Amino acid sequence: MADNPSVTVLVMVGAGSKYETKKESGLSHFLEHMVFKGTPKRPKAIDISRELDGIGAHYNAFTGQEYTGYYAKADARHADAILDVVSDMYLNPLFDAKEMEKEKGVIVEEIRMYQDLPQKHVHNIFMELVYGDQPVGWNIAGTENIVRSFTRDELVSYRKNHYVSKATTVIVAGSFNEKEMIEKIERAFSSVSTDSMKDKLKVTESQKIPRIKTSFKKTDQTHLVIGMRTFPIKDKRIPAMEVLSTILGRGMSSRLFSKMRDQLGICYYVKTNHDPFTDHGVLTISAGVDNSRVEEAIKGILGECGRLKTELVSPAEMRKAKDYIAGTTMLELETSDARAEFCGFQEILKKEIESPKDIITKIQRVTAKEVRNLAREVFVNKGLNMALIGRTKDKSVLKPYFKF
């Protein structure tokens, strides 16, 4: 990206909520927060933020089930500065005990904030429904009680076990001299731990009948997620699933958007997402609908899923879906931070990096029969799940028509 005026430095570690015990639930996310609270070189949070703000940098961090990431993005001439700050934060956090106690309050409020956003919180309820009492089913941020119980020793021990060289990936994207940057990265991260990498528990999949979980809340809308179990990120069916997901609910001409919004006028948003990880995957359909039309919404969503099981998608619709994926893939890679994440997520989850061209080539090879066969495989009653937040108190009223 020699023509890009910016540089992004992203450090990702293969450790997230799926690496935690029940007692540690939320510790990966807590650690992410504490990394910004100071290092020996920059003793206070304000020292870090002032330095990055002083060069007009964008910076943040994120925690997922299988990774945690820290990044800064700035004008290309500040590449050395952001590499110095991000590497310092990652390698040398102070974990001041007083700062820890203050940050507990911050994270508790973060948890409460998302609980007050039903369109966000319903996804946490959905994961708990599907996966139950195992790490993949827990809230990435943890619970208020567990967060308040964390000690400095637990934080230090967790970091020692997981923030090691084999779990660490450094990505730099944008305008820079590649050879010089590699040398600078090697120097900056020369002190990273070489201890062995700790593994995570394998996800347990178990379901025989459709499942529904409701959370009563006096909302003006009912927010729901309908989803099905799929497969890990390295599965050969991934390209076909991307096409299926796009046909179903990506873009304003997708089947669900056309059915639910244009035809029925039942919602403002409806969309599909496919999230594959190293050892599991899930396809979700989310929507916010009028409280009085929940039954109609569920029937509409499952009806469109059912059509994919019985009807071959037309050549024109297949072409549109493939062109949509190709176009959005390239558009989403216009910035240095997007390119850094594109490479980082693949390296952490797949241990290999496919080029956009290779990904698009696989998408172009998907056939309508593959999409139909995949729909028949995934859209089955025993793998059907639904979580919703709204005014529905008795989930039993939904069971008669929650099936294919």
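Above this text sits the structure in question.
In what follows, the accompanying structure is described.

Calculation rules
- Residues numbered from 1 in each chain as written.
- Predicted model: local features only at pLDDT ≥ 70, side-chain atom pairs only at ≥ 80, totals over all residues.
- Heavy atoms only, no water.
- Salt bridge = Lys/Arg side-chain N within 4 Å of Asp/Glu carboxyl O.
- Buried < 20%, exposed > 50% of the residue type's maximum accessible area, 1.4 Å probe, protein only.
- Helix = DSSP H or I, 4+ residues; strand = E, 2+ residues; numbered from the N terminus.
- Arc of directions from axis to C-beta.
- Contact = heavy atoms within 4.5 Å.
- Pairing = 2+ DSSP bridges.
- Axes fitted to C-alpha atoms, helices over the stretch in contact; angles between N-to-C directions.
- Parallel < 35°, antiparallel > 145°, perpendicular 65-115°, else oblique.
- Nonpolar A, V, L, I, M, F, W, Y, C, P; charged D, E, K, R; others polar.

**As for the pattern of salt bridges**
Pairing is possible between side chains of opposite charge, provided their charged atoms come close.
Point 1. Summed over all chains, the structure comprises 31 salt bridges.
Point 2. Connected through shared salt-bridge partners, Lys41, Arg42, Glu51, Asp84 and Asp88 make up one network.

**Observations regarding helix α14 (residues 356-364)**
Residue pairs three or four apart in sequence face the same way in an α-helix, which turns once every 3.6 residues.
Point 1. Where α14 is concerned, the buried positions are Pro356, Ile360 and Ile363. Around the axis of α14, the buried residues are gathered within 55° of arc, so they sit on the same side.
Point 2. Of the surrounding elements, those touching the buried residues of α14 are α9 (238-249), α12 (315-331) and α13 (336-350).

**Quick look at the pairing of strand β2 (residues 58-63)**
Point 1. As judged from the six bridges shared by β2 and strand β3 (residues 68-75), these two strands associate in the antiparallel manner. Considered in β3, the bridge of Tyr59 is made with Ala72.
Point 2. Two successive antiparallel strands, β2 and β3, enclose a turn made up of four residues.

**Quick notes on the sheet that holds strand β1 (residues 6-13)**
Point 1. Read across the open sheet, the four strands follow the order β2-β3-β1-β4; overall the sheet is antiparallel. Edge strands, defined here as strands with exactly one partner in the open sheet, are β2 and β4 (168-174). Adjacent strand axes in the sheet meet at a mean angle of 10° when their direction is disregarded.
Point 2. Here β1 runs beside β3; their pairing, made up of eight bridges, is antiparallel. Within the sheet, the bridge partner assigned to Val7 lies in β3 and is Ala74.
Point 3. On the sheet, helix α1 (residues 27-34) packs against β2 and β3 and is oriented at approximately 165° with respect to β2.

**Points about the environment of Leu52**
Point 1. Tracing the backbone through its elements, the reader meets Leu52 in helix α2 (residues 45-53).
Point 2. Separated by 26 residues in sequence, Leu52 and His78 have C-alpha atoms that sit 9.8 Å apart.
Point 3. Setting aside chain neighbours within four positions, we find Leu52 in contact with Ala57, Tyr59, Ala72, Ile82 and Val85.

**Observations concerning the packing of α9 against α12**
Point 1. Contact geometry for α9 and α12: axes closest at 9 Å, N-to-C directions at 105°. Taken together, the axes of α9 and α12 lie roughly perpendicular to each other. Along the contact surface, α9 presents Glu242, Val243, Thr246 and Ile247, while α12 presents Glu317, Met318, Ala321, Tyr324 and Ile325.
Point 2. Split into classes, the residues belonging to the contact of α9 with α12 amount to six nonpolar, one polar and two charged.

**Thoughts on helix α7 (residues 152-162)**
Point 1. Looking only at α7, the buried set comprises Glu154, Leu155, Tyr158, Arg159 and His162. Seen from one end, α7 has its buried residues packed into an arc of 130°, which puts them on one side. Exposed side chains of α7 directed beyond 90 degrees from the buried face belong to Asp153 and Lys160.
Point 2. Residues of α7 that are buried sit in contact with β1, α1, α3 (79-91), α4 (97-115) and α6 (144-149).

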